[in-house]
Amino acid sequence: MSAPEVAEVDMKIPVSVPESSGTLLSRLGKWWTRKVDVPAKEAAPMAAPVALSPREIRRMREQLRRCFDARLTDVAANEAAREWRDRYTAADADLRQAMLAVLAEVAAETGSSDGARSGASQLTQALSHARIRFFKRLNGLAAGGGLRFLLQLRADMLRARKQIPALRPLDEDLEGLFSNWFDVGLLELRRISWDSPASLLEKLIVYEAVHEIASWADLRNRLDSDRRCYAFFHPRLPDEPLIFVEVAFVPDMAGNVQTLLDEAAPLEDLKKVRWAIFYSISNTQTGLRGVSFGNFLLKRVIEEIQNEFPKLKQFATLSPIPGFADWLRKQSASQLDDVFAVRSLVRHRQVRGKEAAGQDWLAWLQSEEGDAEQAAARQAVGIALAAHYLVKVRDGTLPVDPVARFHLGNGAQMERLNWQADASKKGRAQSCGMMVNYLYELDALDDNLAQLGEGSPRIGRAIAKLL
């Protein structure tokens, strides 16, 4: 289905994790109990930031120290934070990285001297931590959109972490704050329609991460009467969708995205449709990576659809397999020989030769060479390999594929694989054009999730036959 499900936000799957583990107290408590000192290899001085002179670095260090050390109500510290923010906002990429390097060094030096009150509660001490005060100070600035600035700051920090490893504690603290500031209970679910403001519709075109919106006509088709689009919004960012999902109402479980997005197709009769298909989920904010609300979005949208169409009971996705091609490409001939030893694949072992490596198989699956018999062989091999990858290739008890982790972690069932389901260049490159239907049976979600926690994801009969 989507990039949010894929890599942009790095969704956290709620498998075998008690609900209470995500409480405000427990999450903030981790900040206080976590070791403050940065490991030596991460706290080592950065390479001299060429965008700042030594004099500027000294001045900025003093400026940031005021921001870290003073109370939140300190006027001079707030003015220093405003000055730092304004310079950062106006800076180019090189200057921003230099400023982040100075910020990381100052944060490491002040991290253990946060002035927490003796005898204060764990929550109070966590919220009083110097790094937390710094972010709260930036967020509280009266003008300039503090929360929007922090989202951009974290996006830059994520990009710079390899060059500046000492940013890690700051990144973790900011992620923790965002997990609370963007708690699903604080978000508003809104439907986006063709009548929504043009500025909002433009953002859908920009942010769509799964199936590119080619034109305004394409967008209008996705927002027509037999389609729905819902997004989560934060009250401090009322014009900025955080994550959105696109839904199509169809008579049968959809097997390819070309049909769903066909602008010439007639409108579906909403009195006769039997399925709601989630065909795209897109996260919009890189700065919210690691903050999980995609699973809540789907379940809230299902509730909205059921309220509008009480007789509609069948929900499924049409989702990509973003990791398949990369996995296959990396397999050696001997590794694939073990894969092809399974019952469903053994008859295909000699199609490309026993010594063919994954790169050879991938090139063959993505080609259009040969006659109808060759095309049928490619389909059979591709579907069987994809089933093996989705179900058998795991990271612990969870599938290694990020979209599979997301939907199975929501309690969905892996129902069906579809050949030539996404004929776009992107679809062919990442999964040889294959897509998956994940079935959302509301009464089975909890049982499916428990089964996943035991290392046995729930799969449909069509996929079971391939294993």
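Refer to the structure printed above.
All of these numbers come straight from a predicted model, not from anything done at the bench.

As a further point, take the nonpolar core. W84, L153, F182, F324 and L390 are the most contacted members of the largest nonpolar core, which totals 107 residues. It is helix α5 (residues 93–110) that provides the largest number of residues to this core, a total of 10 residues. Contacts of W84, omitting those with residues within four sequence positions, involve M60, Q63, L64, M99, L103, F134, F149 and L153. Within the second largest apolar cluster, 15 residues are counted, among which are A248, V250, M253 and L261.

What follows is about empty space enclosed by the protein. Taken as a whole and judged by the stated rule, the model has two cavities of 30 Å³ or more. Of the volumes computed, that of the second largest cavity is approximately 30 Å³. Lining the second largest cavity are L204, I213, L219, R222, L223, C229, F244, E246 and Y279.

Inspection of the sheet shows strand β4 (residues 275–283) paired to strand β5 (residues 314–317) by four bridges, in the parallel sense. When the bridges of β5 are listed, F278 appears paired with T317. Handedness of the crossover joining β4 and β5 through helix α13 (residues 294–308): right-handed. Looking at chain direction, β5 and strand β9 (residues 435–440) are connected through two bridges and run antiparallel. Bridge assignment links F315 to a residue of β9, and that residue is Y440.

Here we take up the side chain of Q285. Residue position: Q285 is located in the loop between β4 and α13. Judged by its relative accessible area of 14%, Q285 is buried. A polar contact of 3.1 Å, which involves the side chain of Q285, links it to the side chain of T284. Discounting residues that sit within four places of it in the chain, Q285 has contacts with L151, Y207, E240, P241 and L242.

Time to look at the side chain of D173. Within the secondary structure, D173 is located in helix α9 (residues 168–181). Residue classification places D173 among the buried positions, given a relative accessible area of 1%. A polar contact of 2.4 Å, which involves the side chain of D173, links it to the side chain of R131.

The space that makes up the second largest pocket amounts to roughly 250 Å³. What lines the second largest pocket is a set of 19 residues, and nearest its centre among them are R227, T259, L260, A265 and E268. Elements represented by at least two residues in the lining of the second largest pocket include exactly α11 (216–222) and α12 (257–260). Among the residues forming the lining of the second largest pocket, the class breakdown is eight nonpolar, four polar and seven charged.

A separate point is unusual backbone geometry. Backbone geometry places Q420, a non-glycine residue, at a positive phi of 55°. By the element assignment, Q420 lies in the loop between β8 (413–418) and α19 (425–431). Residue classification places Q420 among the exposed residues on the basis of a relative accessible area of 57%. Although it is not a glycine, C432 sits at a positive phi angle of roughly 55°. Along the chain, the position of C432 falls in the loop between α19 and β9. Taking the relative accessible area as the measure of exposure, C432 reaches 5% and is therefore buried.

Cut-offs applied
- Residues numbered from 1 in each chain as written.
- Predicted model: local features only at pLDDT ≥ 70, side-chain atom pairs only at ≥ 80, totals over all residues.
- Heavy atoms only, no water.
- Core = buried A, V, L, I, M, F, W, Y, C linked by side-chain atoms within 4.5 Å.
- Buried < 20%, exposed > 50% of the residue type's maximum accessible area, 1.4 Å probe, protein only.
- Helix = DSSP H or I, 4+ residues; strand = E, 2+ residues; numbered from the N terminus.
- Contact = heavy atoms within 4.5 Å.
- 1 Å grid on protein atoms, 1.4 Å probe; cavity = no way out; pocket = protein on both sides within 12 Å on 5 of 7 lines; lining within 4 Å.
- Points joined across faces, edges and corners; volume = space filled by probe spheres on them.
- Pairing = 2+ DSSP bridges.
- Right-handed = clockwise from strand over helix to strand, strands pointing away.
- Polar contact = N/O pair within 3.5 Å; in protein donor to acceptor, adjacent residues only side chain to side chain.
- Nonpolar A, V, L, I, M, F, W, Y, C, P; charged D, E, K, R; others polar.

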